[in-house]
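Here are the chains, one letter per residue:
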Amino acid sequence: MSLLIPTLAPSLADSAVPASARQPPRRVVSETGREHAMPWQSSRRRPLVSQTWLVLPVACSFAGRAGQRRVARCRRHNVALRAATAESMASVLSQGCPLIAKVAEVRASRAGDGLGLFAKESFEEGDEICELTFDNTTIMKPNPDVSSKLESGDIGALAFQVLKASRSPQPGPWKDWFETGVSPPDAHPLKLLLNDPQLAKYIWSSTTCGGQMSGLALQARDDLEQLQGSASFEDWTDTLALVMSRSVIEDREERPLLVMGLDLLQAAEDPVLKLELNYGKEGAVLGLGGRGPEKLLGIKVIALETIEVGTELTISYLPQPHAGGYLERYGFVPTWLQGTLAESAMQLSIAPVDDEDDFAGIKESCLEDLGLSDAPLSFTFSLSDGILAPREIDEWEKKSELEKMTHVLRFQTCGGTDSFLLDAVYVERFWYNCNFRISRNNEILVCQAAMAECDRWLERFDAIEAAGSRPDCDLAKAADDVRRAERELLVSVKLVFEQELDLIQIDDTIRYWADRAMDEAFPDRISKNVEASGHLFGDESRFSTFLWWRLRAVPY
């Protein structure tokens, strides 16, 4: 038996995707001829014209799992992984990922709750433990057609594919995997939405990822309307949380991958493994030759240190120490990211186009011409990477997170007296021009917008603390640590823009678009400008000393 589900036709646009949905980067050529990988894709806005149908088998209902569900108890969650027994998962692993089964065994994890993988043999640092390919491993990629039809994007596509496999009357690796009893952690925000709404709200208000958490909950509700009763809200959110907590690697386009075997790897502060994507052309030998565009060929599992027999195999789930990111995606806060001395990170999301902007249409067209999207872009800041004043460079990959955010804010806030840059004469270079300061007025707007975004989250943190209604549980205490650490980072980012704003208002030597345009037209101006600034301040050291004392006089 199967059920037809109305969804948007493949020819229609992608659904609106929030910052939490990861989009494929595009390559953009700069004025210098270099290519830059851009972290969002083509425009997602198109009219809804028609409907098509997806078939979701319902032969295997969720009724059998109803007895397994229980109200979430708020307790400490170090890991996100669950399975019925090590034996059942080992049996599935031997079929779905024999290379992993050959070098590792499934046992109860020592790194945290649930199951883990333990080495059956020794490896030296740098050894390639195995290479997983689509031929020797069960790997699930999000179906792009399904991703474009669901508000939850790639995560929704994986959830749909898992549901479809689990309900199929035919045997299959993902159906076997699902029937072992895998489930998301009780503390995953999507599960708390049903089991403990008060705690869910508290968590969402304690991290800058909170907007993505609540946004995904709204998307799940919108997707449910398209499912037309084939799954309950609990079924759908449960499966969304499952694939989020089990996807530990993304492809080059930042789309989550569900890899049988790798989903058992636990997170650790000092991991012993790393996962490397292997891209190449069809028919290439040792990376040479081949035909067609590069595509994902497999995933290499590499030892980061000497591994002895019996060592638990661990990885790092996220590239930065982002406790809020762990909580949002995997449903737990690692122990090493808890406490006052733990490393920390926070995230801000900025849309390149403001819907109320008079020039929104032109900016959207500009992005479309470059193969970019107007979907919000997320920037993750950590003290370990440093939070320094933005530089003016034109290579996206070499920019810091703060420099990337500044670039996008220049694009977003440009208007008024600077709107001539959006005229046909200059619009083709507009994105490139945002690598540099456009004008004093625009730079002031950039600083004010960044400071306002920081203030928005600081006020939200203040409000949840002033409410004085913290749930009495370990997860809420972990959320308090996340909020405290992110508050410090928000203050640091805001301070950088406060200093930039003050510098803009006192430094007449800062060069803007008009200065650069005049220098291109009249090269002799450059030497004269240098000579004039030398007469004013004497030398560079005197000017630096002037700025240093001026900034010290500003109270923060």
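This one's a predicted model, so the numbers in the text were calculated from it and none came from an experiment.

Structural notes on the overall build of the chain
- Broken down by element type, the chain carries 18 helices and 16 strands.
- Counting every position in the chain, which comprises 556 residues, the buried fraction comes to 52%.
- On the chain, roughly 25,300 Å² of surface is accessible, and the fraction owed to carbon and sulfur atoms is 51%.

Quick word on the confidence of the model for the chain
- In this model, the chain carries an average pLDDT of 81, and 78% of its residues clear a pLDDT of 70 or more.
- For the chain, the element scoring lowest by mean pLDDT is strand S1 (residues 2-8), at 35; helix H12 (residues 401-413) scores highest, at 97.
- Scored below 50 in pLDDT, residues 532-556 shows 21 contacts in the model against residues more than four places distant or in partner chains.

Here we look at the sheet that holds strand S8 (residues 139-140)
- Judged by pairing direction, the sheet is antiparallel, and its three strands sit side by side in the order S8-S10-S9 without closing on themselves. In the strand order of this sheet, the two ends are held by S8 and strand S9 (249-250), each with one partner.
- Its contacts with the sheet put helix H4 (residues 153-167) on S8 and strand S10 (256-259), and the angle it makes with S10 is roughly 25 degrees.

Thoughts on the side chain of Asp 394
- Turning to its location among the elements, Asp 394 is positioned in the loop between strand S16 (377-382) and H12.
- Judged by its relative accessible area of 11%, Asp 394 is buried.
- Among the polar contacts made by the side chain of Asp 394, one reaches the side chain of Tyr 432 at a distance of 3.3 Å.

Topic: the packing of aromatic side chains
- In total, this model carries 15 aromatic pairs according to the counting rule given.
- On the basis of an interplanar angle of 85 degrees and a centroid distance of 6.3 Å, the ring pair of Tyr 317 and Phe 332 is categorised as edge-to-face. With Tyr 317 in the loop between strand S14 (314-315) and helix H10 (323-330) and Phe 332 in the loop between H10 and strand S15 (345-350), this residue pair connects regions lying 15 residues apart in the sequence. For the pair Tyr 317 and Phe 332, a shared accessibility class is recorded, and that class is buried.
- Both rings, one in Tyr 326 and one in Trp 336, keep their centres 6.4 Å apart while their planes meet at 85 degrees; by these two values the pair is edge-to-face.

Remarks on the pairing of strand S5 (residues 104-108)
- Here five bridges tie S5 to strand S6 (residues 115-119), and the two strands are oriented antiparallel to one another. Bridge pairing in S6 places Val 106 opposite Leu 117.

Comments concerning the sheet that holds strand S12 (residues 273-282)
- Within the open sheet, the three strands sit side by side as S7-S13-S12. Their pairing is antiparallel. In the strand order of this sheet, the two ends are held by strand S7 (128-133) and S12, each with one partner. Along the sheet, successive strands turn relative to each other by an average axial angle of 30 degrees, direction set aside.
- Two strands pair when backbone bridges link them, and S12 and strand S13 (residues 291-303) are joined in this way by nine bridges, in the antiparallel orientation. The residue of S13 that forms the bridge with Leu 273 is Ala 303.

Focus: the pairing of S16
- Within S16, five of the six residues are buried, leaving the element largely enclosed by the surrounding structure.
- Pairing analysis gives six bridges linking S15 to S16, with the strands arranged antiparallel. The residue bridging Gln 347 from the neighbouring strand is Thr 380, located in S16.

Description of the side chain of Gln 347
- Note on placement: Gln 347 falls in strand S15.
- You can call Gln 347 buried: its relative accessible area is 11%.
- For Gln 347, the side chain forms a polar contact with the side chain of Gln 212, separated by 2.3 Å.
- Ignoring sequence-local partners within four residues, the contact set of Gln 347 consists of Thr 208, Cys 209, Gln 212, His 322, Ser 378, Phe 379 and Thr 380.

Observations regarding a negative patch on the surface
- A surface patch of negative charge is lined by Glu 124, Glu 125, Glu 269, Asp 270, Glu 305, Glu 308 and Glu 343.
- With respect to the secondary-structure elements, Glu 269 resides in the loop between strand S11 (266-267) and S12.
- Among the residues examined, Glu 269 registers a relative accessible area of 49% and is labelled partly exposed.

Regarding unusual backbone geometry
- Phi at Glu 254 takes a positive value of approximately 60 degrees, unusual for a residue other than glycine.
- In this fold, Glu 254 is placed in the loop between S9 and S10.

Thresholds, definitions, all that
Residues numbered from 1 in each chain as written. Predicted model: local features only at pLDDT ≥ 70, side-chain atom pairs only at ≥ 80, totals over all residues. Heavy atoms only, no water. Helix = DSSP H or I, 4+ residues; strand = E, 2+ residues; numbered from the N terminus. Buried < 20%, exposed > 50% of the residue type's maximum accessible area, 1.4 Å probe, protein only. Areas by Shrake-Rupley, 256 points an atom, 1.4 Å probe, with all protein chains shown as cover. pLDDT = per-residue confidence, 0-100. Contact = heavy atoms within 4.5 Å. Pairing = 2+ DSSP bridges. Axes fitted to C-alpha atoms, helices over the stretch in contact; angles between N-to-C directions. Polar contact = N/O pair within 3.5 Å; in protein donor to acceptor, adjacent residues only side chain to side chain. Phe/Tyr/Trp six-rings, centres within 6.5 Å; stacked < 30°, edge-to-face > 60°. Patch = residues over 30% accessible without salt bridge, like charges linked within 9 Å, V, L, I, M, F, W, Y side chains within 5 Å. Salt bridge = Lys/Arg side-chain N within 4 Å of Asp/Glu carboxyl O. Lys, Arg positive; Asp, Glu negative; His and termini not counted. Charge placed at Lys NZ, Arg CZ, Asp CG, Glu CD.

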